[in-house]
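# Fold and contact review
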Amino acid sequence: MPKIKLAENTVQLIKDICKEFENKESELINVLHQVQSKLGYLPAEVQEVIAKELKTSVAKVYGVVTFYSFFTMIPQGENPISICMGTACYVRGAEQVLNEFKRQLKVEVGESTEDGKFSINCLRCVGACGLAPVVTVGEKVYGRVAPTDVKKIIAEYKNH
Amino acid sequence: MDIVNLTIDNKPVVVKSGTTILEAASGVGMHIPTLCHMKLEDLNIENKPGGCRICVVEVEGRRNLAPACCTDVSEGMKINTHSMRVINARRTVMELILSDHPFDCLICAKSGNCDLQDMAHNLGIREIHYKGEQSTYREDTSPAIIREVDKCIMCRRCETMCNEVQTVGVLSAINRGFESVVSPAFEMNLDHSVCTYCGQCVAVCPTGALTEVDETGKVIRALSDPTKTVIVQTAPAVRAALGEEFGMEAGSLVTGKLVAALRRLGFDHVFDTDFAADLTIMEEGTELLNRLGKHLAGDKDVKLPILTSCCPAWVKFFEHQFPEMKDIPSTARSPQQMFGAIAKTYFADQLGIKREDMVVVSIMPCVAKKYECGRDEFKTNDNPDVDHALTTRELAALIKLSNIDFTALPNEDFDNPLGESTGAGVIFGTTGGVIEAAVRTAYEVHTKKELPKLDFEELRGMEGIREATIDFDGLPIKIGIAHGLGNARKLLEDIQAGKSEFHAIEIMSCPGGCIGGGGQPYHHGDAGILKKRQAALYTEDKNKTLRKSHENPHIIELYEKFLGEPMSEKAHHLLHTEYFDRT
């Protein structure tokens, strides 16, 4: 695994978040949530800092990160695309929509495009089954998405 | 204390509240089978994830079966430990475990010693009804330990040892569901991690998922090479455990048979690591007295307490975890390495052979010794002082392979000059032993008086952390002892915080010391075996005529003819070492 060196202020940010949770090991999940919301992902070096601050092992932190699918060690794109694969969305063609996103952006699930603009992820039910199949880009929700809509959705963000 | 009345298999039982069904049943002679559960009495070690479900029992009035290892008894409980429903459930659980387990039992390193295999046998599994995907994972080979994660049943025993007992924190369960495995962070290999190779994960693994690196093949090759002089050293703890591999009672002392077996295997000279343990005491004891003398003379820079340095896993532990304290441990090499250094200089000279033509094999209760003998600082021109380190288990395998009827062997004596040892060298194999040996010599050297009594009961025992004050003729010497790296960590943190008042601390990585080493015959969760091995070493010590390292005549001769005196330049070059920051 190639090592990246974290910037001083990133390390400080992580330390501050840990401190907010009183550096308690039992708050590990909350710390990971906060850090990911700030940094977008949880690379190895970040996990090492968290382990040190919470006085736990890196293996344990990594164990939690890999257990919950919400946590990711891969940087998210500027516009994270999530395709719902819940039952309702799935039966109404979410897989074809997903395949179209993969084809157009030339990335697999969990990866980001080379320019860092987009990343694709799958999730399980956003609670909008009436709109199935559902796609979210960042905070924005798209309903009844067909593979033919994919190009248009991507275009919305291309020049941002 | 509240009392609970219940029946187990129709037998009335009275136990304290808070007792588990498993414990209550064992009290009335019903040994409910367990796989993930492990409790090492006296060492305060327990693994109780309630994960495998082999120990389920039927509790009248309860809808589902209860895991006996983690269900407390309650008043009026009626328990059946072997009803048809229970047996069917256990078999189903076992079949499901086996459905994702490789079927290479016949050629598995753990065959014959495998808890999973025994359990499948005891449950009478003859067929596996569940066919499905098998999880696969790459094999991870390090200098000492091999991980074959395909064989892991997620009992989490290794995780408990690595995290709670040793506080090394290398192993953790990662990923989820079918993909979950026990692994170092970021799925790195062990040799990139902070693993100390203490081998306690290997000692408790119920399957072949964690085993030592097998070097018996290399030793057989060396023994069959006529151009090589192959010599062997055996560590103190080996003689108190090897017999178990041949069906002998735990705690049987087999020193004489061990020597006879090694001679029959074809080693040219059969020597004793205990000799090197005596040598260690000469060096480490002198270092202790030197530091103490400076301290008493008011030298503020001198580092105290001095920490023992015989244990390679302990050395690697502080190099990773406390690198800022690497000038506190004694610089004395471990007995294994002292032996190798003397064998390939002093003894090779006596034989008139080159070091390259000598092969030094060590028999160790330890898997970390495999790693230790490969460390660069213990090599000259790329030739290691110790070529191969075998565990007690590997030696047993070698003896069986060579058709030697171990129990029928006569008692034989070690060869000289590197086979003579005192009782002080023998007790190196147990927690408390190294420091007791050091005290015996340091006392007499410092006070120039003979010790009135050689048995220091206050230094012995199985408590994880022990302390005692020994009166050096008016000078109180404060001694600390820790076994298990978690306990060592506590003492180190005290030193870091400036709270430690000890002059000397003995540290051994494995619970119980080397008698409980990762390379010893498997204890299968019975810590009573460790106590018996410990008692055996103290017996051997008592039976020795010489019990103080500085009285070993061959040690005296070694200093007269070769080394000069303890801590001399030559001794420093051959018998001392340095430590590295591994962060």
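Residues numbered from 1 in each chain as written. Chains lettered and ligands numbered in written order. Predicted model: local features only at pLDDT ≥ 70, side-chain atom pairs only at ≥ 80, totals over all residues.

Once that is clear, we can look at the overall build of chain A. Helix and strand counts for chain A stand at seven helices and four strands. Starting at the N terminus, the α and β elements of chain A follow one another as α-α-α-α-β-α-α-β-β-β-α. Each principal axis of the C-alpha atoms in chain A carries an extent, and together these give about 50 × 30 × 25 Å. In chain A, which comprises 160 residues, the share counted as buried stands at 31%. Long-range pairs, those at least 24 residues apart, make up 61% of the contacts in chain A between residues at least 6 apart in sequence. (Helix = DSSP H or I, 4+ residues; strand = E, 2+ residues; numbered from the N terminus. Buried ≥ 20, exposed ≤ 12 C-beta atoms within 10 Å, placed from the backbone. Contact = placed C-beta atoms within 7 Å.)

A separate point is the packing of helix 1 (residues 8-20) of chain A against helix 2 (residues 28-39) of chain A. Residue and element names in this part refer to chain A. With their axes 9 Å apart at the nearest point, helix 1 and helix 2 run at an angle of 145 degrees to one another. Viewed along their axes, helix 1 and helix 2 form a crossing whose handedness is right-handed. Here Leu 13, Ile 14, Ile 17 and Cys 18 of helix 1 lie close against helix 2, whose contacting residues are Val 31, Gln 34, Val 35 and Lys 38. The residue makeup of the contact of helix 1 with helix 2, split by class, is six nonpolar, one polar and one charged. (Axes fitted to C-alpha atoms, helices over the stretch in contact; angles between N-to-C directions. Left-handed = near helix turned anticlockwise from the far one by under 90°. Nonpolar A, V, L, I, M, F, W, Y, C, P; charged D, E, K, R; others polar.)

Because each turn of an α-helix spans 3.6 residues, side chains separated by three or four positions in sequence point in the same direction. All names here are of chain B. With seven of 10 residues buried, helix 12 (residues 392-401) is to be regarded as a mostly interior element. Regarding helix 12, the residues found buried are Thr 392, Arg 393, Glu 394, Leu 395, Ala 396, Leu 398 and Ile 399. Along its buried surface, helix 12 packs onto helix 6 (216-223), helix 7 (255-265), strand 16 (358-364) and strand 19 (388-391). Asn 403 sits one or two residues past helix 12 and shows a positive phi near 60 degrees.

Between chain B and chain A, the residue contacts involve 12 residues of the former and 10 residues of the latter. Class assignment of the residues belonging to the side of chain B that touches chain A gives a composition of seven nonpolar, four polar and one charged.

This part covers the domain arrangement of chain A. If you check the domain split of chain A, you get domain 1 (8-67) and domain 2 (79-158). Here the C-alpha centroids of domain 1 of chain A and domain 2 of chain A sit 29 Å apart. (Domains from an automatic or database assignment.)

What follows concerns the environment of Gly 61 of chain B. One can find Gly 61 of chain B in the loop between strand 5 (56-59) and strand 6 (66-67). In this structure, the C-alpha to C-alpha distance between Gly 61 of chain B and Ile 79 of chain B, residues 18 residues apart in sequence, is 9.9 Å.

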